[in-house]
Amino acid sequence: MDSPKHIRCKSERPFVFRLDLDCDDIQNTMSMRHFHSILECMRKLSVDDECRSIVISSLGKDFCTGVNIDNLERFNSEQARIEDIARRGRSVDERVSIIQRAFSAIENCPKPVIAAINGACAGPGMGLISACDIRYCDADSWFQVKELELGIAADSGTLQRLPKIMGNDSFTREMCYTARRVDSDEALKYGLVSRVFDTRTQTLNYAMDMAERMALVSPVGLQNCKKSIVFSQHHSTQDGLDHIREINCLARQCEDFHISMGPAITGAERPNYAKY
């Protein structure tokens, strides 16, 4: 698959794609070009039957240090030239909508997405990782809901998703209300990440190993598993039960289910599943 600008996307292992944020030219900040590229890339991977799992990492020394201020100031200058408040409001809405759709595309992607975080993860970086299924980081990583320092509430999905993925509501609010930096130990303690590694290389290697392991199981079962978890986060337990029952009415009749039964019982090698 051809990579969009500012993102490097390639398959390094069978059915595993690695998506690297290429932000080093602007000090590992994110601008609108990155949000457009993330949206484009995730849409393509969502329907690519050569892709079963995804790892998102950064090529720079940090994962993301925040929003690109130069890009934001240019936008504010353009806003100042629009006299009517309704039209200024629509312009802001269109900009924020792109950011939200980019990160929602990660959450809604049927394939599991793992974030391998190194160094700083702030501002829109928090919005990105909160949309991922799994988060790992290195010991030097730190996290910050930074938008409050700019005088606004985070609008990239951080405030909507963090309370659902972290195990302590009080700490989540403290993090969001103070804009203070949270180190890797606190991030692990309160459930923002599930593992911390000594080095960036160890973090990325483990993420790739887990993604490869996911790529070996039934793609039908794997994607239905994510679909059910995401659906159940936003609905009642009974709605979630009804949802997965309806999904498995079809899944129990598919090829993957039948060819998996024997190896699951005997411990034999897993079958090679058809593309999906």
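Here the structure is shown first, and the text comes after it.
Quantities reported herein were computed from a predicted structural model and do not represent experimental measurements.

A. Main features of the overall build of the protein. Summing up its helical and strand segments, the protein has eleven helices and eleven strands in all. Since a compact globule built from 276 residues should have a radius of gyration of about 19 Å, the 20 Å found for the protein is in line with a globular shape. Counting only C-alpha atoms and orienting by the principal axes, one finds that the protein spans roughly 65 × 45 × 40 Å. Counted over contacts in the protein with a minimum sequence separation of 6, partners at least 24 positions apart contribute 70%. Approximately 14100 Å² of the protein is accessible, and the part contributed by carbon and sulfur atoms is 50%. Considering the protein, the positive charge centre built from 35 side chains and the negative charge centre built from 39 side chains are found 2 Å apart.

B. Layout of the packing of helix α1 (residues 32–46) against helix α3 (residues 85–108). Across the interface, α1 lies against α3 with an axial gap of 8 Å and an inter-helix angle of 35°. The handedness of the crossing between α1 and α3 comes out as left-handed. Along its contact with α1, which presents Met-32, Phe-35, His-36, Ile-38, Leu-39, Met-42 and Arg-43, the element α3 presents Arg-95, Ile-98, Ile-99, Arg-101, Ala-102, Phe-103, Ala-105 and Ile-106. Here the contact of α1 with α3 is built from residues that sort into eleven nonpolar, one polar and three charged.

C. Structural context of the pairing of strand β6 (residues 113–117). With five of five residues buried, β6 lies mostly within the body of the structure. Alignment of β6 against strand β8 (residues 134–138), held across four bridges, turns out to be parallel. Residue Ala-116 lies in a different strand from β8, and its bridge partner there is Tyr-136.

D. Quick peek at the pattern of salt bridges. The final tally for this structure, using the stated rule, is 16 salt bridges. The partner of Arg-18 in a salt bridge is Glu-12, and the shortest N-O contact between them spans 3.3 Å. Close ionic contact of Lys-44 with Glu-40 constitutes a salt bridge, the shortest N to O distance being 3.1 Å. Note that Lys-44 and Glu-40 are positioned in helix α1 at a spacing of four residues, about one turn of the helix. When its relative accessible area of 34% is taken as the criterion, Lys-44 is described as partly exposed. Classification of Glu-40 as partly exposed rests on a relative accessible area of 35%.

E. Up close: the sheet that holds strand β9 (residues 142–144). Sheet architecture is open: three strands sit in the order β7-β9-β10, paired in mixed fashion. Bordering the open sheet on either side are β7 (120–122) and β10 (182–183), each of which pairs with just one other strand.

F. Region of interest: the packing of helix α9 (residues 219–233) against helix α10 (residues 237–251). The contact between α9 and α10 brings their axes to 9 Å, and the two run at 160°. One element, α9, and the other, α10, form an angle in the roughly antiparallel class. Every pair of crossing elements has a handedness; the one defined by α9 and α10 is right-handed. Of α10, the residues touching α9 (which contributes Asn-224, Lys-227, Ser-228, Phe-231 and Ser-232) are Asp-239, Gly-240, His-243, Ile-244, Ile-247 and Ala-251. Here the residues of the contact of α9 with α10 sort into four nonpolar, five polar and two charged.

G. Spatial organisation of the layout of surface pockets. Its volume calculated, the largest pocket comes out at about 530 Å³. Among the secondary structure elements, those contributing two or more residues to the lining of the largest pocket are α1, β5 (66–67), α2 (69–80) and α3. Here the lining of the largest pocket is composed, by residue class, of twelve nonpolar, six polar and five charged. If you add up the space inside the second largest pocket, you get close to 380 Å³. Lining the second largest pocket are 20 residues, and of these Asp-133, Ile-134, Lys-226, Ile-229 and Val-230 lie nearest its centre. Listing elements by their share of the lining of the second largest pocket, those giving two or more residues are α5 (158–165) and α9. Among the residues making up the lining of the second largest pocket, the classes are represented as eleven nonpolar, four polar and five charged.

So, how was this worked out
Residues numbered from 1 in each chain as written. Predicted model: local features only at pLDDT ≥ 70, side-chain atom pairs only at ≥ 80, totals over all residues. Heavy atoms only, no water. Helix = DSSP H or I, 4+ residues; strand = E, 2+ residues; numbered from the N terminus. Rg over C-alpha atoms; globule rule 2.2 N^0.38 Å. Contact = heavy atoms within 4.5 Å. Areas by Shrake-Rupley, 256 points an atom, 1.4 Å probe, with all protein chains shown as cover. Lys, Arg positive; Asp, Glu negative; His and termini not counted. Charge placed at Lys NZ, Arg CZ, Asp CG, Glu CD. Axes fitted to C-alpha atoms, helices over the stretch in contact; angles between N-to-C directions. Left-handed = near helix turned anticlockwise from the far one by under 90°. Nonpolar A, V, L, I, M, F, W, Y, C, P; charged D, E, K, R; others polar. Buried < 20%, exposed > 50% of the residue type's maximum accessible area, 1.4 Å probe, protein only. Pairing = 2+ DSSP bridges. Salt bridge = Lys/Arg side-chain N within 4 Å of Asp/Glu carboxyl O. Parallel < 35°, antiparallel > 145°, perpendicular 65-115°, else oblique. 1 Å grid on protein atoms, 1.4 Å probe; cavity = no way out; pocket = protein on both sides within 12 Å on 5 of 7 lines; lining within 4 Å. Points joined across faces, edges and corners; volume = space filled by probe spheres on them.

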